[in-house]
Amino acid sequence: MIEEDVFRIVEPDGTFDEAVDPRLPEEDLKKVYRAMLLVRTLDNRMLSLQRQGRIGFYVPSTGQEACQIGGAFPLRPEDWVFPAYREPGAALWRGFPLQTLIHQFYGSSADIEKGRQMPNHYGNKDVNYVTPSSPVGTQIPQAVGAAWAAKIRGERVVTLTFFGDGATSQGDFHSGMNFAGVFQTPTIFFCQNNQWAISVPREAQTASKTLAMKALAYGFEGVRVDGNDVLAVIEATSQAAEKARAGGGPTLIEAVTYRMGPHSSSDDPTRYRPAAQVEEWRKKDPIARFKAYLEKRDLWDEIDDAHLQKELDEAITEAVRVAEKAPPPALETLFTDVYADLPPHLREQMEGFMKSGERRRPEISDKFPL
């Protein structure tokens with residue numbers, strides 16, 4: 001149904017509009033639920049590990065699981081994702097191994113990025129998931145450029161870029177949108193409007209009634225979807241992907257959702273966010289909603305849920321155990337993988353460093369390897 005211009009299929013209590021229910025196969029529905037619950041479980045565990053000092057930093061995404069899974073669901077292996085730093089679900093759905101992801105949180109020698117990236121800056125070329133960075137919105141023109149390149153080559157490739165409501169105030173957002181509109185690139189702009197850009201509320205970002213309407217200024221469609229309804233997100237993103245793949249150009253999706261936890265492990269949302277607002281959104285929890293939908297269709301019950309939760313807990317526990325056995329990255333990796341051929345001045349520095357015998361400063365030898 002359409003309510004306040006927001007597309008929704010499943011209500012918070014699990015009731016649904018049969019006329020627009022995509023009726024996904026049972027196997028897909030259970031896979032989607034598993035992926036969403038995995039993200040929530042991972043969030044809880046990693047935030048706990050950060051508080052214990054076992055990892056250095058974490059960006060939780062509790063409350064936004066439907067956006068991540070639903071946004072990535074319609075994409076094909078050849079498509080590309082240009083994320084922000086709050087989309088572990090999209091990475092996992094694309095095939096990013098859980099163990100590899102947790103190695104990145106630890107930044108150990110087993111991390112494919114060798115500890116060089118900030119935690120939550122995970123990327124993997126094997127699944128066309130581009131490494132994000134902290135500057136807000138920089139991934140947006142990159143996604144447009146990759147889409148334009150694919151279009152020039154005649155490849156039926158779609159690029160999807162995730163960003164938050166705060167990114168719509170950045171120049172990169174407007175440059176990317178304008179370029180995509182002019183050249184009709186096969187790009188999906190997926191805005192997770194979670195109501196807060198750290199401590200800046202949505203109403204302080206723009207005077208526009210919606211964020212989706214900004215697409216009109218650049219000559220293409222903008223749609224609003226209930227970002228806590230995974231089926232609605234899947235449907236909206238599927239339509240955008242089909243249009244882009246057929247040469248119909250870009251789409252801006254504004255997924256209306258809410259960040260239930262802190263912006264990051266360094267943030268205290270109680271200093272700027274009213275508790276009543278959080279509680280109101282808690283009633284719209286995307287996982288509880290989708291679980292209720294599955295139960296109403298007799299596809300799930302509490303016994304299934306208990307078994308799945310136990311399975312996910314054990315999988316994360318084992319991945320953490322393996323990650324904590326891995327040593328820090330070798331210090332000589334500071335010099336490698338930057339140039340195809342190491343320049344003489346860096347080679348000299350590396351050789352001198354290695355001959356010095358220094359391996360790691362004693363005062364930080366037992367600390368997280370940032």
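What this report covers is the structure whose coordinates are included nearby. (Residues numbered from 1 in each chain as written. Predicted model: local features only at pLDDT ≥ 70, side-chain atom pairs only at ≥ 80, totals over all residues. Heavy atoms only, no water.)

**Topic: the packing of helix α5 (residues 139–153) against helix α6 (residues 171–183)**
How we decide: Structural elements are reduced to axes, namely lines fitted to C-alpha atoms, with helices fitted over the stretch in contact, and the angle between N-to-C directions of any two is expressed from 0 to 180 degrees. Secondary structure elements follow DSSP: runs of H or I no shorter than four residues count as helices, runs of E no shorter than two count as strands, and numbering proceeds from the N terminus. We call two directions roughly parallel when the angle between them is under 35 degrees, roughly antiparallel when it is over 145, roughly perpendicular when it lies between 65 and 115, and oblique otherwise. Crossing handedness is read from the near helix: turned anticlockwise from the far helix by less than a right angle, it gives a left-handed crossing, and turned clockwise, a right-handed one. Note on contacts: a residue pair is in contact if any heavy atoms of the two residues lie within 4.5 Å. Residues are sorted three ways: Asp, Glu, Lys and Arg are charged, Ala, Val, Leu, Ile, Met, Phe, Trp, Tyr, Cys and Pro are nonpolar, and all the rest, Gly among them, are polar.
Packing of α5 against α6 leaves a shortest axis separation of 8 Å and a crossing angle of 20°. On the basis of their axis angle, the class for α5 and α6 is roughly parallel. As for how α5 packs across α6, the hand of that crossing is left-handed. Counting all contacts with α5, which are made through I140, P141, V144, W148 and K151, the residues of α6 involved are D172, F173, G176, F179, A180 and F183. Here the contact of α5 with α6 is built from residues that sort into eight nonpolar, one polar and two charged.

**Here we look at the side chain of Q64**
Heads up, the condition is: Partly exposed residues are those whose accessible area sits between 20% and 50% of the maximum for their type, while under 20% is buried and over 50% is exposed, using a 1.4 Å probe and protein chains only. In protein, a polar contact means a hydrogen-donor-capable atom and an acceptor-capable atom, both N or O and within 3.5 Å, with residues adjacent in sequence counting only if both atoms are side-chain atoms; elsewhere, any N or O pair within 3.5 Å suffices.
As for its position among the elements, Q64 is in the loop between α1 (26–51) and α2 (65–72). Relative accessible area serves as the criterion here: at 1%, Q64 is assigned to the buried category. A distance of 2.9 Å separates the side chain of Q64 from the side chain of Q192, its partner in a polar contact. Of note is the side chain of Q64, whose polar atom sits 2.9 Å from the side chain of N194. Once you skip the residues sitting within four places of it in the chain, Q64 turns out to touch R86, Q192, N194, T257, Y258 and R259.

**Considering the nonpolar core**
Counted only if it meets this: Definition of nonpolar core: a set of buried residues of the types Ala, Val, Leu, Ile, Met, Phe, Trp, Tyr and Cys, connected through side-chain atoms within 4.5 Å.
Of all hydrophobic cores here, the largest spans 66 residues; its most connected members are V32, L42, M46, I102, L231 and F290. Per element, the largest residue contribution to this core is eleven residues, and it comes from α1. V144, A167, F173 and A180 belong to the second-largest nonpolar core, a separate cluster that totals 13 residues.

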